[in-house]
Amino acid sequence: MTTPAETSTVLWPLLVYGAIVFSLAIFILGLSHLLGGRRNDRAKGEPYEGGIVSEGSARLRFSSQFYLIGMLFVIFDVETIFIFSWAIAFRELGWYGYVGVLVFIGLLVVVLVYEWRNGALDFGPNGKKILQAYHRMTQKPDPV
């Protein structure tokens, strides 16, 4: 059980830290208000103002392939978090953890090859089809 005297000795560094953070935030906000720009352009009043006058509509159509690549990126990005957490606990996990991460990485490679073979990673034009069409165009018809 802590006494009130012990509690006050524990809390005062936290209060000093909070006061420093609060005063620093007020100082930075005040400084940015004093030194900030005061221009009022046409782009300033638009939503998502970035200083650039927008052209056209924001209603663009994206290919479903774009979203598929985005989802695959997020999935593989989250899996790297698991590998980093294994690396942090490497000594505690020992050989059991090492074999586990090898199986995990093996499964990642199998899934990546599967996605590649099914064409999930093909987000550009198919070069073979373009070359075949080019060869068909450049071939001279046989005189009959």
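Residues numbered from 1 in each chain as written. Predicted model: local features only at pLDDT ≥ 70, side-chain atom pairs only at ≥ 80, totals over all residues. Heavy atoms only, no water.

**Focus: the overall build of the chain**
- The helix and strand tally for the chain stands at 4 helices and 0 strands.
- Scanning the chain from its N terminus toward the C terminus, one meets helices and strands in the order α-α-α-α.
- Taking all 144 residues of the chain together, 6% fall into the buried category.
- Here the chain displays about 13,700 Å² of accessible surface, and carbon together with sulfur accounts for 69% of that area. (Helix = DSSP H or I, 4+ residues; strand = E, 2+ residues; numbered from the N terminus. Buried < 20%, exposed > 50% of the residue type's maximum accessible area, 1.4 Å probe, protein only. Areas by Shrake-Rupley, 256 points an atom, 1.4 Å probe, with all protein chains shown as cover.)

**Side note on the packing of aromatic side chains**
- Per the counting criterion, the structure on display carries 4 aromatic pairs.
- Where Phe82 meets Phe104, the ring centres are 6.3 Å apart and the plane angle is 90°; that geometry is what we call edge-to-face. Taken together, the positions of Phe82 in helix H2 (residues 64-88) and Phe104 in helix H3 (residues 90-118) put the pair 22 residues apart, joining distant regions of the chain.
- The exposure class of Phe82 is partly exposed, given its relative accessible area of 48%.
- A centroid spacing of 5.5 Å and a plane angle of 85° characterise the contact between Trp86 and Phe90, whose relative ring orientation is edge-to-face.
- In this structure Trp86 comes out as buried when scored by relative accessible area, which is 18%.
- Through a chain of ring-to-ring contacts, the aromatic side chains of Trp86, Phe90, Trp95 and Tyr98 assemble into a single cluster. (Phe/Tyr/Trp six-rings, centres within 6.5 Å; stacked < 30°, edge-to-face > 60°.)

**Let's talk about the side chain of Glu115**
- Here Glu115 is to be found in helix H3.
- Among residues more than four places away in sequence, those in contact with Glu115 are Leu72, Phe76, Ala120 and Leu121. (Contact = heavy atoms within 4.5 Å.)

**A word on the side chain of Glu79**
- The topology assignment puts Glu79 in helix H2.
- For the buried Glu79, no salt bridge exists, and the shortest N-O distance to an oppositely charged side chain is 19 Å, to Arg117.
- Setting aside residues up to four positions removed in sequence, Glu79 forms contacts with Phe104 and Leu108. (Lys, Arg positive; Asp, Glu negative; His and termini not counted. Salt bridge = Lys/Arg side-chain N within 4 Å of Asp/Glu carboxyl O.)

**Some thoughts on H2**
- Relative to the 36 Å expected for 25 residues at 1.5 Å per residue, H2 spans 37 Å between its end C-alpha atoms, a close match to the ideal helical length.
- Every buried residue belonging to H2 is among Leu72, Glu79 and Trp86, and all of these are buried.
- For H2, the elements touching its buried residues are H3. (Expected span 1.5 Å × (residues − 1).)

**Overview of the packing of H2 against H3**
- Two numbers describe how H2 lies on H3: the axes approach to 9 Å, and their chain directions differ by 165°. What the angle tells us is that H2 and H3 run roughly antiparallel. In the packing of H2 onto H3, the handedness of the crossing is left-handed. Between H2 and H3, the contacting residues are Leu72, Phe76, Glu79, Phe82, Ile83, Trp86, Ala87 and Ile88 on the first element and Phe90, Glu92, Leu93, Gly97, Tyr98, Val101, Phe104, Ile105, Leu108, Val111, Leu112 and Glu115 on the second.
- Of the residues belonging to the contact of H2 with H3, the class tally is 16 nonpolar, 1 polar and 3 charged. (Axes fitted to C-alpha atoms, helices over the stretch in contact; angles between N-to-C directions. Parallel < 35°, antiparallel > 145°, perpendicular 65-115°, else oblique. Left-handed = near helix turned anticlockwise from the far one by under 90°. Nonpolar A, V, L, I, M, F, W, Y, C, P; charged D, E, K, R; others polar.)

**Some thoughts on a nonpolar patch on the surface**
- Taken together, Phe90, Trp95, Tyr98, Val99, Leu102, Val103 and Leu107 make up a surface patch of nonpolar side chains, about 730 Å² in accessible area.
- Secondary-structure assignment places Leu107 in helix H3. (Patch = residues over 30% accessible without salt bridge, like charges linked within 9 Å, V, L, I, M, F, W, Y side chains within 5 Å.)

**Considering the confidence of the model for the chain**
- Predicted confidence across the chain gives a mean pLDDT of 81, with 80% of residues reaching 70 or more.
- Of all the helices and strands in the chain, helix H4 (residues 127-138) carries the lowest mean pLDDT, 79, while H3 carries the highest, 89. (pLDDT = per-residue confidence, 0-100.)

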